Amino acid sequence: MRIDFSPVLARLDYLLSGLSLTVMVSLAAIVLSFAIGVLVATSRISRYRTVRILAAGYIDLFRNTPFLVQLFFLYFGLPEIGIPTEPVTTGILALSLTAAAGNAEIVRSGIETVPRGVVEAGRSYGLSALQVYRYVILPIALRVAWRPLGNAFVNLVLTTSILSTITVNDLTGNANNISSETFKPFEVYLVVLVIYCAVTFTVSAVVNAVYALFFARMAERPVIRGQAA
Amino acid sequence: MHFADGEVTAILGPSGAGKSTLIRCINCLEAISGGDIVVNGKSVREKRAMLDIQKQTSMVFQHFNLYPHLTALQNITLAPIKVLRKNKADVEAQARGLLDMVGLASKGDRHPAELSGGEQQRVGICRALAMNPQHLLLDEVTSAIDPEMTAEVLRVIEELAGTGTTLILVTHEIEFARRIADKVAFMEGGKLVAHSDAETFFNHQSEERISRFVDKMKH
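Residues numbered from 1 in each chain as written. Chains lettered and ligands numbered in written order. Predicted model: local features only at pLDDT ≥ 70, side-chain atom pairs only at ≥ 80, totals over all residues.

1. Observations concerning the overall build of chain B
Working step 1: Within chain B, the regular secondary structure consists of nine helices and eight strands.
Working step 2: Rg of the C-alpha trace for chain B: 17 Å, near the compact-globule value of 17 Å for 219 residues, within the 12% margin.
Working step 3: Taken along the three principal axes of its C-alpha coordinates, chain B extends 55 × 45 × 25 Å.
Working step 4: Each of the 219 residues in chain B was classed as buried or not, and the buried ones make up 41%. (Helix = DSSP H or I, 4+ residues; strand = E, 2+ residues; numbered from the N terminus. Rg over C-alpha atoms; globule rule 2.2 N^0.38 Å. Buried ≥ 20, exposed ≤ 12 C-beta atoms within 10 Å, placed from the backbone.)

Structure below.
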């Protein structure tokens, strides 16, 4: 058996079109899962019991079931109750919902580090509950949560490969096709591994750049003197 | 108990007497369980009056409670812009004026973590003043600061006395209270024990218990 990359390189365009879908799906799912995650995190610590219970239920449901089964349930199961599904949108939805459950827990742990007194200060000058969240709590919480969120984003990008099981023609989906066409799985998947690696390195770099841009100046040292008491 | 406009009232008393709780109730940070507090004709018991009362009363906290993610200047301008809906440029000009007044003109762009305790508290006072409050509530504002830094904070408060703003200060600095207060309230065990002119309180104290407390605090 000779190692030969030429059949793979000849189909590089096809592979890269898969990559562009992977990137698109990843970006959509990152944005959606972040937004839903923040929403669920704030619901999880809402002053209303029902809202808290619903959020906790959502988080537990998605964190304690396998992603592949969630995906199959949505893609193959929903049409049976009359909801038509389409691979790419269903894939993005499933990814976002699962990742949001994890993100919610990360954001919540960030919110819990915000000193009570700082929140009180915001309230005492008449900021509304929403304004306190927007201008005081979330900026402080996201600084703490940002790096763990970055890890979650990387994980999400890698998980997009599972969408190939519901016929999404992403990087992995197209790689599968090339592999069965050329009988060169070693070469195909080696190239794909390298490409995934490049993508996740880029994601990490962007996460770090965002941190440096928005959060680094905020406080190198632990803040709020005297707050420990 | 009544706090007249422009008057300086010092609230004294042992720990756990309810001094801080009293001014936190005035600021609607804590709900009151009984009785009533009326600020400019509006009761703190009424939910709808809360925002109005909070606009008229500004709090300075014992532990500063500055927003760690914002610069000193942004700490001061946040509420005036978002709550009073004032023009950003105007508020910033006012904030720079306030920082100048407390001797921090050059530190507006620093974050709280880059300031000393005394500096943070002076920013805290500016933040409260930027709301142009009728009543300023000061909650043991020097007790979390190094002794050598307290003088600069007290000087700022002293300058505010007699400018028309009502000051209500919870403090353990007896000498300071004697110097600037018009009225003194003494609380113990959640109750108001005495409320009188500062002159009467310090120099003609009839209650043995209070005289002893004041004597002890002097040292």
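Still more ground to cover, so stick around.
2. Describing the overall build of chain A
Working step 1: Within chain A, the secondary structure is distributed over nine helices and zero strands.
Working step 2: Along chain A, helices and strands appear, N-terminal first, in the series α-α-α-α-α-α-α-α-α.
Working step 3: Along the three orthogonal principal directions, the C-alpha set of chain A runs to about 70 × 45 × 25 Å.
Working step 4: Out of the 229 residues belonging to chain A, those deemed buried represent 34%.
Working step 5: Sequence separation of at least 24 residues holds for 76% of the intrachain contacts in chain A that already meet a minimum separation of 6. (Contact = placed C-beta atoms within 7 Å.)

3. Observations regarding the interface of chain B and chain A
In many reports, interface size means the accessible area that the parts give up when they come together.
Working step 1: Every contact between the two is made by 23 residues of chain B and, on the other side, 24 residues of chain A.
Working step 2: Looking at the side of chain B that touches chain A, the elements that each hand over two or more residues are α2 (50-56), β4 (57-60) and α3 (72-82) of chain B.

4. Regarding the environment of Ser43(B)
Residue and element names in this part refer to chain B.
Working step 1: On the secondary structure map, Ser 43 appears in strand β3 (residues 42-43).
Working step 2: Among the residues examined, Ser 43 registers 12 C-beta atoms within 10 Å and is labelled exposed.
Working step 3: Once residues lying within four places of it in the same chain are set aside, the contact partners of Ser 43 are Asp 36, Val 38 and Ala 49.

5. Details of the environment of Ile3(A)
All names here are of chain A.
Working step 1: Within the secondary structure, Ile 3 is located in the segment before α1 (6-10).
Working step 2: Overall, Ile 3 belongs to the exposed group, with 8 C-beta atoms counted inside 10 Å.
Working step 3: Sequence separation of Ile 3 and Leu 21 is 18 residues, and the distance between their C-alpha atoms is 28 Å.
Working step 4: Residues contacting Ile 3, with those up to four places away along its chain left out, are Phe 186 and Glu 187.

6. Points about the confidence of the model for chain A
One rule of thumb: low pLDDT means the predicted coordinates there are not for detailed reading.
Working step 1: Averaged over every residue, the pLDDT of chain A is 92; the share at 70 or more is 94%.
Working step 2: Long-range and interchain partners of residues 220-229 of chain A, a stretch whose pLDDT sits below 50, account for 14 contacts in this model, where long-range means more than four residues apart. (pLDDT = per-residue confidence, 0-100.)

7. Side note on the UniProt feature "domain: ABC transmembrane type-1" (unreviewed entry) in chain A
Working step 1: The feature "domain: ABC transmembrane type-1" (unreviewed entry), as given by UniProt, occupies residues 19-207 of chain A in the numbering adopted here.
Working step 2: Within the segment residues 19-207 of chain A, helix and strand shares are 80% and 0% respectively, and the terminal C-alpha atoms sit 20 Å apart. (UniProt positions renumbered as here; feature names shortened; annotations may be inferred.)

8. Considering the pairing of strand β6 (residues 166-170) of chain B
All names here are of chain B.
Working step 1: β6 sits mainly inside the fold: four of its five residues count as buried.
Working step 2: Bridge analysis of strand β1 (residues 8-12) against β6 gives four bridges, and the strand direction is parallel. Paired with Ile 11 across the two strands is Val 170, which belongs to β6.
Working step 3: By the bridge criterion, five bridges tie strand β5 (residues 135-139) to β6 in an arrangement that is parallel. Across the sheet, Asp 139 pairs through a bridge with Val 170, a residue of β6. (Pairing = 2+ DSSP bridges.)

9. Thoughts on the UniProt feature "transmembrane region" (unreviewed entry) in chain A
Residues and elements named next belong to chain A.
Working step 1: Here the UniProt feature "transmembrane region" (unreviewed entry) sits at residues 14-41, 149-168 and 188-215.
Working step 2: With 100% helix and 0% strand, residues 14-41 has its two end C-alpha atoms placed 40 Å apart.
Working step 3: Counting secondary structure, residues 149-168 comes out at 55% helix and 0% strand; the distance between its end C-alpha atoms is 26 Å.

10. Regarding the sheet that holds strand β8 (residues 191-197) of chain B
Residue and element names in this part refer to chain B.
Working step 1: Taken together, the six strands give an open sheet; going across it, the order is β4-β5-β6-β1-β7-β8, and neighbouring strands pair in mixed fashion. Each having just a single partner strand, β4 and β8 make up the two edges of the open sheet. On average, each strand axis in the sheet is tilted by 15 degrees relative to the strand beside it, whichever way the strands run.
Working step 2: Sheet strands in contact with helix α5 (residues 117-129) are β4 and β5, and its direction is about 170 degrees off that of β4. (Axes fitted to C-alpha atoms, helices over the stretch in contact; angles between N-to-C directions.)

11. Topic: the environment of Lys42(B)
Residues and elements named next belong to chain B.
Working step 1: Within the secondary structure, Lys 42 is located in strand β3.
Working step 2: Residue class for Lys 42 comes out partly exposed when judged on the 15 C-beta atoms lying within 10 Å of it.
Working step 3: The spacing of Lys 42 and Leu 169 is 127 residues in sequence and 21 Å in space, taken between C-alpha atoms.
Working step 4: The contact partners of Lys 42, leaving out residues within four places of it in the chain, are Ala 49, Asp 52 and Ile 53.

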